[in-house]
Amino acid sequence: MLQYLVIILDDTSVAYCHADNPLKERHLMPIEILKKGILFGMKQNLMIQYVFPNYELPKEYSEVIESIDNVKIYPMGCKPITGISDDGETDVEVTNVVPEKVGAKNLVLRLTFGKMLKQRETIAKLFASGARINLCITDVEQFTDEQIEAYQKVLNEWNTTRLELYKHGQSPQFNLLTDRMQLEKMHNCEAGVSNITLAPNGKFYLCPAFYYDEQMKVFNQLNHHNPSSDNSVGDLERGLDIPNPQLLQLDHAPLCRNCDAYQCRRCIWLNRKLTWDNNTPSHQQCVMAHLERNASRDLLNDIRKVGEFMPQIDIKEINYLDPFEVRKEF
Ligand code: SF4
């Protein structure tokens, strides 16, 4: 069931997940489209999530934006409209640079795998900030099995830091290590299932990445005569039109529905990019998610040596990193 409407306010709105936003030219969503988008969200009883660019929007947008409850996703250090409070519980700051300190309650840190390794110690210092840290690796497709050990090592190092915090009564959230410890079932991105994205052109997309891809294809077509394709799944006039929506669902994903890396994003954009199928995951995504799952298990076991913690959660020991390897056992 749809629960969230993501509204990309401008072509240059901040990227907050795996996909970079390659669009460089400002194209602000016309205010009439914004109003229609909000109305669509109201009628469907959806929580609106606005994605802001790195510039201040015209004043008339503030009133429209605040006409409904919302979550704001915005570039770190940018207050795109007046009224964004630093103590917003649900608002999300996004950065591609590891900051010295965190002001917001929720931070998305987008880094390549290599940068994450290099800056592991600075990242560890952020754990004590109390903010929820979401670390999003932006080059999952480049991950190789040769990097498994390095990822295990950094996750173990962070576990040590986190265990010390738990011992001192602090339990700040860090998606890669603490989400799985608290989940009893899948909790994935669910693009196209629980959330849908409205772009500045008034069309719907499964997520912002599908909009970026379409726009880049249009750009390439204009400049290099490459074929373009329409990634949209409806618009504000016709409504949502997702072809074969069941194919985005967990119960139609043979690997994922048998998997217990519950914290995995199950990114359908990465799936399509790497396996050409929305619901079939790549080896890279599965291996990384299982390394995180296993590190969460280790952390959970260590915490339980100190005190009781989420007794209902049981993360079993497993001997594979990619469910594809054991698919015959399902
Ligand atoms: S780890 Fe792989 S199989 Fe498991 S949920 Fe993630 S993408 Fe699906």
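Computed from a predicted model, the values in this text were never measured in an experiment.

Colleague: Mind showing me how you'd approach the overall build of the protein here?
Modeller: When its secondary structure is counted, the protein shows nine helices and ten strands. In terms of C-alpha radius of gyration, the protein reaches 20 Å, essentially the compact-globule figure of 20 Å for 330 residues. With the C-alpha coordinates aligned to their principal axes, the bounding extent of the protein is approximately 55 × 45 × 40 Å. The buried share of the protein, reckoned over its 330 residues, is 53%. Long-range pairs, those at least 24 residues apart, make up 63% of the contacts in the protein between residues at least 6 apart in sequence. When the accessible surface of the protein is summed, it comes to about 16,600 Å², and 49% of that surface belongs to carbon and sulfur atoms. When the 36 basic and 45 acidic side-chain charges of the protein are each reduced to a single mean position, those positions are 1 Å apart.

Colleague: How should helix H1 (residues 31-43) be read in this particular structure?
Modeller: In an α-helix, one full turn covers 3.6 residues, which means residues spaced three or four apart are oriented alike. Counted at 1.5 Å a residue, the expected span for H1 with its 13 residues is 18 Å, and the 18 Å between its end C-alpha atoms agrees. Leu34, Gly37, Ile38, Phe40 and Gly41 are the residues of H1 that are buried. Looking straight down H1, one finds that the buried residues subtend no more than 155 degrees of arc, so they occupy a single side. Buried residues along H1 sit against strand S1 (4-8), strand S2 (47-51), helix H2 (59-65), strand S7 (195-198), strand S8 (204-205) and strand S10 (239-240). At the exit of H1 stands asparagine 45, carrying a positive phi of roughly 60 degrees.

Colleague: Mind showing me how you'd approach the sheet that holds strand S4 (residues 92-95) here?
Modeller: Within a beta sheet, neighbouring strands are joined by backbone hydrogen bonds and run either parallel or antiparallel to one another. Strands sit in the order S6-S5-S4-S3-S2-S1-S7-S8 across an open sheet of eight strands; the sheet is mixed. Bordering the open sheet on either side are strand S6 (132-137) and S8, each of which pairs with just one other strand. One ladder, built from two bridges, connects S7 with S8; its direction is antiparallel. Along S8, the bridge assignment pairs leucine 198 with phenylalanine 204.

Colleague: Would you mind going over the pairing of S7 with me for this structure?
Modeller: Looking down a regular strand, the side chains alternate between one sheet face and the other. Here S7 shows no split at all, with Asn195 and Thr197 on one side and Ile196 and Leu198 on the other all buried. Bridge count for S1 against S7 is four bridges, and the pairing is parallel. If you follow isoleucine 7 over to S7, its bridge partner there is leucine 198. Between S7 and S8, which pair antiparallel in sequence order, lie five residues; one of them, glycine 202, sits at a positive phi of approximately 85 degrees.

Colleague: What should I look at first to understand the packing of helix H5 (residues 148-167) against helix H9 (residues 283-306) in this one?
Modeller: A pair of packed helices is captured by two measures, namely the crossing angle of their axes and the spacing between those axes. It is at 9 Å that the axes of H5 and H9 come closest, and there the two elements cross at 30 degrees. Considering their axes alone, H5 and H9 lie roughly parallel with respect to each other. Our pair here, H5 against H9, has a crossing hand that is right-handed. Contacts from Ile148, Tyr151, Gln152, Leu155, Asn156, Asn159, Arg162, Leu163, Tyr166 and Lys167 of H5 reach H9 at Val287, Met288, Leu291, Glu292, Ala295, Asp298, Leu299, Asp302, Ile303 and Val306. Across the contact of H5 with H9, the residue classes break down as twelve nonpolar, three polar and five charged.

Colleague: Can you walk me through the packing of aromatic side chains in this structure?
Modeller: The relative placement of two aromatic rings is captured by the distance of their centres and the angle of their planes. Taken as a whole, this structure holds ten aromatic pairs when the rule is applied. On the basis of an interplanar angle of 45 degrees and a centroid distance of 4.8 Å, the ring pair of phenylalanine 40 and phenylalanine 204 is categorised as tilted. Within this pair, whereas phenylalanine 40 is found in helix H1, its partner phenylalanine 204 is found in strand S8, the two being separated by 164 residues in sequence. For phenylalanine 204, a relative accessible area of 0% translates into the label buried.

Colleague: Is there a simple way to think about the pattern of salt bridges in this case?
Modeller: Between side chains of opposite charge, a pair can form as their charged atoms come close. Tallied over the entire structure, the rule returns 14 salt bridges. Aspartate 20 is the salt-bridge partner of arginine 110, the closest N and O atoms lying 2.8 Å from each other. Remark: aspartate 20 occurs in the loop between S1 and H1 and arginine 110 occurs in strand S5 (residues 106-111); sequence separation between them is 90 residues. For lysine 72, the salt bridge is made with glutamate 66, and the minimal N-O distance between the two is 2.9 Å. Salt bridges sharing common partners tie together Arg180, Asp260 and Arg293.

Colleague: What should I look at first to understand the side chain of asparagine 278 in this one?
Modeller: Of note, asparagine 278 is situated in the loop between helix H8 (268-275) and H9. Assessed through its relative accessible area of 17%, asparagine 278 is described here as buried. In this structure the side chain of asparagine 278 is engaged in a polar contact, spanning 2.9 Å, whose partner is the side chain of arginine 272.

Colleague: Would you explain the pairing of strand S3 (residues 70-75) in this entry?
Modeller: By the criterion of burial, S3 is predominantly enclosed, with six of the six residues buried. Judged by which residues are buried, S3 turns out to be covered on both faces: Asn70, Lys72 and Tyr74 on one side and Val71, Ile73 and Pro75 on the other are all buried. Two strands pair when backbone bridges link them, and S2 and S3 are joined in this way by four bridges, in the parallel orientation. By the bridge assignment for S3, valine 51 is matched with isoleucine 73. Crossover connection from S2 via H2 to parallel S3: handedness right-handed. Sheet analysis places S3 next to S4, joined by three bridges and oriented parallel. Bridge pairing in S4 places isoleucine 73 opposite valine 92.

Basis of the calculations
- Residues numbered from 1 in each chain as written.
- Predicted model: local features only at pLDDT ≥ 70, side-chain atom pairs only at ≥ 80, totals over all residues.
- Heavy atoms only, no water.
- Helix = DSSP H or I, 4+ residues; strand = E, 2+ residues; numbered from the N terminus.
- Rg over C-alpha atoms; globule rule 2.2 N^0.38 Å.
- Buried < 20%, exposed > 50% of the residue type's maximum accessible area, 1.4 Å probe, protein only.
- Contact = heavy atoms within 4.5 Å.
- Areas by Shrake-Rupley, 256 points an atom, 1.4 Å probe, with all protein chains shown as cover.
- Lys, Arg positive; Asp, Glu negative; His and termini not counted.
- Charge placed at Lys NZ, Arg CZ, Asp CG, Glu CD.
- Expected span 1.5 Å × (residues − 1).
- Arc of directions from axis to C-beta.
- Pairing = 2+ DSSP bridges.
- Axes fitted to C-alpha atoms, helices over the stretch in contact; angles between N-to-C directions.
- Parallel < 35°, antiparallel > 145°, perpendicular 65-115°, else oblique.
- Left-handed = near helix turned anticlockwise from the far one by under 90°.
- Nonpolar A, V, L, I, M, F, W, Y, C, P; charged D, E, K, R; others polar.
- Phe/Tyr/Trp six-rings, centres within 6.5 Å; stacked < 30°, edge-to-face > 60°.
- Salt bridge = Lys/Arg side-chain N within 4 Å of Asp/Glu carboxyl O.
- Polar contact = N/O pair within 3.5 Å; in protein donor to acceptor, adjacent residues only side chain to side chain.
- Right-handed = clockwise from strand over helix to strand, strands pointing away.

These figures come from the coordinates and say nothing about function on their own.
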